[in-house]
Amino acid sequence: SLENRGRVAEELKRADAVVLTYACDQPSTLNRLSSFWLYELRRLEISAPVIVVGCKLDRRTEEYSLSVEMVPLMQQFREIETCVECSAADMQQIAEVFYFAQKAVLHPTAPLFDQEAQTLKPRCMRALKRIFILCDHDMDGALNDEELNDFQQIKCFNAPLQAAEIVGVKRVVQDKLPEGFNELGLTLTGFLFLHALFIEKCRIETTWAVLRKFGYNDELRLRDDYMSVPSKKAPDQSYELTSETLEFLKGIFSTFDDDKDGVLSSSELEDLFSTAPESPWDETPFKDAVERTPSRGI
């Protein structure tokens, strides 16, 4: 009603997820979602995930396919996470409604996947690239069977990959993306493809489990507790890099100095920070803290 329109808007802006319902025995109520409510959510700039739920499933008399009805709607309104039908009268799929709403909040799609382009978002790709590099122990640009198993069992899911499962992963990637696997193992391209496939197959919780194991929060930033910085105990206290840190940084510099000229060019610097959400050299104080060699780099 008009008198409650303001309150509805306030509640929508506070919501973690929005469940839009229609009556399975009244097709006109489904039309109302596409003609009014979904546009109203866009007008109010609601960023919460949307679940479309068909109620009164027990009262529907005619047969129809949910996917046939919903695919065009989900293609038009990419903010819809999923669609499900239920019946409160005989308790059909009531638990599923709440499960999908909770899943949309705990494992949001928006930070990871561009629904319009059907691709991983740049920040997600950078995070997954960092994880791939950390798991590529021999630094050969691919995850072999041992590294894949280490990633699965030790790093993320506490369960080893069986030989048949590794073969299955290889087959899926090679069938869809031949360059995703080479003679050395799973490439970065294949690793990113697998996570895009998880999301497309509604297994986004798998990708979120990986990201959270490696310290990322819901905004795909490393958590404060993951990168804790000790506070000063006295005003005149200063920090110094340890000898181990200096040696580590020298090794990183040498690794990315491809032409071994003692200078990181723009392309080498971009490669070095390709796993960071944004390049730190574009912002103060970093842009003034580097020594640049004219026409060469850092």
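Not measured: the values here are computed from a predicted model. (Residues numbered from 1 in each chain as written. Predicted model: local features only at pLDDT ≥ 70, side-chain atom pairs only at ≥ 80, totals over all residues. Heavy atoms only, no water.)

Trainee: Is there a simple way to think about the domain arrangement of the protein chain in this case?
Mentor: Accessible area lost upon the coming together of the parts serves often as the stated size of an interface. Looking at the protein chain, the domain boundaries give domain 1 (2-106), domain 2 (119-223) and domain 3 (239-297). Overall, the association of domain 2 and domain 3 removes approximately 650 Å² of surface from exposure, summing both partners, and the carbon and sulfur fraction of that is 45%. For domain 2, the biggest contributors to the area lost against domain 3 are Arg123, Arg126 and Lys129; these three give 72% of the whole. A salt bridge links Arg126 to Glu270, with the shortest nitrogen-to-oxygen separation between them at 3.7 Å. At the surface where domain 2 touches domain 3, the tally comes to three residue pairs in polar contact (both at pLDDT 80 or more). (Domains from an automatic or database assignment. Buried area = accessible area lost by both parts, 1.4 Å probe. Salt bridge = Lys/Arg side-chain N within 4 Å of Asp/Glu carboxyl O. Polar contact = N/O pair within 3.5 Å; in protein donor to acceptor, adjacent residues only side chain to side chain.)

Trainee: Sorry if this is basic, but what is going on with helix H9 (residues 204-213) here?
Mentor: Given 3.6 residues per turn, any residue in an α-helix points the same way as the ones three and four places further on. Within the sequence span of H9, burial applies to Ile204, Thr206, Thr207, Trp208, Val210 and Leu211. The elements touched by buried residues of H9 are helix H4 (94-106), helix H5 (122-135), helix H6 (145-157) and helix H8 (188-200). Of the residues one or two after H9, Gly215 is the one with positive phi, at around 95°. (Buried < 20%, exposed > 50% of the residue type's maximum accessible area, 1.4 Å probe, protein only. Helix = DSSP H or I, 4+ residues; strand = E, 2+ residues; numbered from the N terminus. Contact = heavy atoms within 4.5 Å.)

Trainee: What am I meant to see in the sheet that holds strand S2 (residues 50-55) here?
Mentor: Sheet strands associate in pairs through backbone hydrogen bonding, adopting either a parallel or an antiparallel arrangement. Across the sheet, three strands lie side by side as S1-S2-S3; this open sheet has parallel pairing. The open sheet has two free edges, formed respectively by strand S1 (18-23) and strand S3 (80-85), since each of these has just one partner strand. Ignoring strand direction, the axes of neighbouring strands in this sheet form an average angle of 20°. Bridge analysis of S1 against S2 gives six bridges, and the strand direction is parallel. Looking at S2, one finds that Thr21 is bridged to Val53. Seen against the sheet, helix H3 (residues 66-76) touches S1, S2 and S3 and runs at an angle of roughly 160° to S3. (Pairing = 2+ DSSP bridges. Axes fitted to C-alpha atoms, helices over the stretch in contact; angles between N-to-C directions.)

Trainee: Just to check I follow, could you spell out the packing of H5 against H8 for this structure?
Mentor: The description of two helices packed together rests on the angle between their axes and the distance between the axes. Direction vectors running N to C along H5 and H8 enclose 125°, while the axes themselves pass 10 Å from each other. Taken together, H5 and H8 sit at an angle that is classed as oblique. Crossing hand, H5 versus H8: right-handed. Only Leu188, Phe191, Leu192 and His195 of H8 make contact with H5, whose side of the interface consists of Met125, Leu128, Lys129, Ile131 and Phe132. Looking at the contact of H5 with H8, its residues break down into seven nonpolar, one polar and one charged. (Parallel < 35°, antiparallel > 145°, perpendicular 65-115°, else oblique. Left-handed = near helix turned anticlockwise from the far one by under 90°. Nonpolar A, V, L, I, M, F, W, Y, C, P; charged D, E, K, R; others polar.)

Trainee: Help me out: how do you make sense of H8 in this one?
Mentor: Between its first and last C-alpha atoms H8 spans 18 Å; for 13 residues at 1.5 Å apiece the expected length is 18 Å, and the two agree. Of all 13 residues making up H8, 10 are buried, and the element is well covered by its neighbours. Inspection of H8 places Gly190, Phe191, Leu192, Phe193, Leu194, His195, Ala196, Leu197, Phe198 and Ile199 among the buried residues, and these make up the whole buried set. (Expected span 1.5 Å × (residues − 1).)

Trainee: Honestly, the side chain of Thr207 in this entry has me stumped. Any pointers?
Mentor: Looking at where Thr207 falls in the secondary structure, it is placed in helix H9. The class for Thr207 is buried, based on a relative accessible area of 0%. Polar contacts involving the side chain of Thr207 include one to the side chain of His195, which spans 3.0 Å.

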